[in-house]
Amino acid sequence: MIIGLAGTFGSGKGTVVEYLKNKGFVQYSSSKLLGELVEREGNPKTRAYLSPMATRLQQEYPGGVVEKNYREKFLVENPHNAVFESIHRQSEANFLRNVGGFIIGIDADLESRYARTVLRNEGEKDRQGFEDFKKQIRIEEEGGGDHSRDNNIRAVINSADAILFNNGTLEELHAQVDTVLARLGK
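Remember, predicted model here, so these are calculated numbers, not experimental data. Residue numbers restart at each chain and count upward from 1, following the sequence in its written direction. Per-residue local features are limited, in this predicted model, to residues with pLDDT of at least 70; the limit for side-chain atom pairs, both in listing and counting, is 80 or more; totals at the level of whole chains, interfaces and linings are taken over all residues. The side-chain figures draw on all heavy atoms in the structure; neither hydrogens nor water molecules are used.

1. Considering the environment of E41
Just so we agree on the cut-off: Comment: elements are numbered from the N terminus, with helices defined as DSSP H or I runs of at least four residues and strands as E runs of at least two. Contacts were defined at the residue level, with two residues in contact if any of their heavy atoms lie within 4.5 Å. Side-chain atoms alone can form a polar contact between residues adjacent in sequence; in general such a contact is a pair of N or O atoms within 3.5 Å, and within protein one must be able to donate a hydrogen while the other accepts it.
Topologically, E41 is positioned in the loop between α2 (30-40) and α3 (47-60). Considered as a pair, E41 and G185 are 144 residues apart in the sequence and their alpha carbons are 41 Å apart. Setting aside residues up to four positions removed in sequence, E41 forms contacts with M53 and R56. Side chain to side chain, E41 and R56 meet in a polar contact 2.5 Å long.

2. Notes on helix α9 (residues 170-184)
Put simply, the rule reads: To estimate how far a helix should reach, multiply one less than its number of residues by 1.5 Å. Partly exposed describes any residue whose relative accessible area lies between the buried limit of under 20% and the exposed limit of over 50%, with all areas from a 1.4 Å probe on protein chains only and scaled to the type maximum. The reported arc concerns the directions from the helix axis to the C-beta atoms and nothing else.
Here α9 is 15 residues long and its end C-alpha atoms lie 21 Å apart, about the 21 Å a rise of 1.5 Å per residue gives. All of the buried residues along α9 are L173, V177, V180, L181 and L184. Take α9 and look down its axis: the buried residues cluster within an arc of 100°, on one side only. The exposed set on the far side of α9, more than 90 degrees from its buried face, consists of E171, T179, A182 and R183. Buried residues belonging to α9 abut β1 (2-7), α1 (13-22), β4 (102-107) and β5 (162-165).

Dropping the structure here:
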């Protein structure tokens, strides 16, 4: 089974990925691959370099960074179950569907998402005030910005085969994942 995971910022994508990995899925991270490519060019892993790299890959691969991950890593490793994280563009979702994958969206209320990002404090997006957080997610989730015109996470979520709402407990989120996996045939 191939799953593409599309989620709003701070919605719990990483938590879902970890749960799927515990169920035997192999993770293919768009952010990790983009970071490797940016660093290979001698640049820091910041939005100023990651987003243009994603746009460049989109020109080379119709399915963007997801397709590059699929062709260069997934096809070599050929795991039984895989999760591609994170799907930001409809073209990436379409690519995964064309190779037999399913798209799972994940969302949560805005305040919960902000609280999670502040708690994890892992990067530049996690270290901003609530108003800046709202502006940044609007760009990332609905498209916009210099290099993210094709980004529309919200459209990918809305077209997903299943949507998880992470507004409850960890156990409730896991139960939602299990329900979706059963429905998709895993």
